[in-house]
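Secondary and tertiary structure notes
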Amino acid sequence: HYLERMVDAAGRMRRLIDDLLSYSRVNSKTTSYLPVELAGVVADVLSDLEPRIASEDAKIRVGELPAIEADPGQMHQLFLNLLANALKFRRTGVTPNITIEGNVEVGEAGAVARISITDNGIGFEPRHAERIFGMFERLHGREEFDGTGVGLATCRKIAERHSGELTAWGEPDAGAVFTLILPIRQGTVI
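Residues numbered from 1 in each chain as written. Predicted model: local features only at pLDDT ≥ 70, side-chain atom pairs only at ≥ 80, totals over all residues. Heavy atoms only, no water.

**Thoughts on the side chain of D119**
Positionally, D119 belongs in strand 5 (residues 110–119). Buried and unpaired, D119 has no salt bridge, with R91 as the nearest side chain of opposite charge at 7.4 Å. There is a polar contact of 2.8 Å between the side chain of D119 and the backbone nitrogen of G121. Once residues within four sequence positions are removed from consideration, D119 is found in contact with A86, N97, I98, A174, G175 and A176. (Helix = DSSP H or I, 4+ residues; strand = E, 2+ residues; numbered from the N terminus. Buried < 20%, exposed > 50% of the residue type's maximum accessible area, 1.4 Å probe, protein only. Lys, Arg positive; Asp, Glu negative; His and termini not counted. Salt bridge = Lys/Arg side-chain N within 4 Å of Asp/Glu carboxyl O. Polar contact = N/O pair within 3.5 Å; in protein donor to acceptor, adjacent residues only side chain to side chain. Contact = heavy atoms within 4.5 Å.)

**Some remarks on the packing of helix 4 (residues 72–88) against helix 5 (residues 151–161)**
Interaxial distance between helix 4 and helix 5 falls to 9 Å at its minimum, and their mutual angle equals 145°. Between helix 4 and helix 5 lies a crossing of left-handed hand. Where helix 4 approaches helix 5, its residues Q74, M75, Q77, L78, N81, L82 and N85 are matched on the opposing element by G151, L152, T154, C155, I158, A159 and R161. Of the residues in the contact of helix 4 with helix 5, the class split is seven nonpolar, six polar and one charged. (Axes fitted to C-alpha atoms, helices over the stretch in contact; angles between N-to-C directions. Left-handed = near helix turned anticlockwise from the far one by under 90°. Nonpolar A, V, L, I, M, F, W, Y, C, P; charged D, E, K, R; others polar.)

**A few points about the sheet that holds strand 7 (residues 176–183)**
With mixed pairing, five strands are arranged side by side in an open sheet as 2-4-5-7-6. The sheet terminates laterally at strand 2 (59–62) and strand 6 (165–170), the two strands that pair on one side only. Ignoring which end each strand starts from, the neighbouring axes of this sheet average 15° apart. Sheet analysis places strand 6 next to strand 7, joined by six bridges and oriented antiparallel. Of the residues in strand 7, the one forming a bridge with A168 is F178. Packed on one face of the sheet, helix 5 meets strand 6 and strand 7 and runs near 140° to strand 6. (Pairing = 2+ DSSP bridges.)

See below:
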């Protein structure tokens, strides 16, 4: 029993250290902005998540996604975290339905991509919409859902690093919507 608890604690600590390293790399790594087809990034992420998608019989619909100037690795990490969360925080007995869609909006400051990731999962109280992006913040105990509470903080940091923003809306048992706004060209202020 004690060995199981020690192994479990060591595994959680390794995940936490890996997540903290990912978070710190977003801050410390020199970001190189390249043309990135977000549709390609999402296709790669879906390929990475294929075993989990298949095991949960998840339905994922991907709409049109624009190309932007971004760090390809950070975009991969951002979409991987958001989609993994949409799969993780599912309602028991309900097939996960996830929609990813985007469009380009042109304003006074230039063109921006608005991307939404919508799910039919457990959702959250609207009052927690900012709290979920805090470092180590968890709305559920680890008995219910695994994780370190660093993933969404990393996602927001990546969005900010790209002069963008990431927001969330949720309602208990009605799912969540994560909205990502990123400039099409770096140097545009949102």
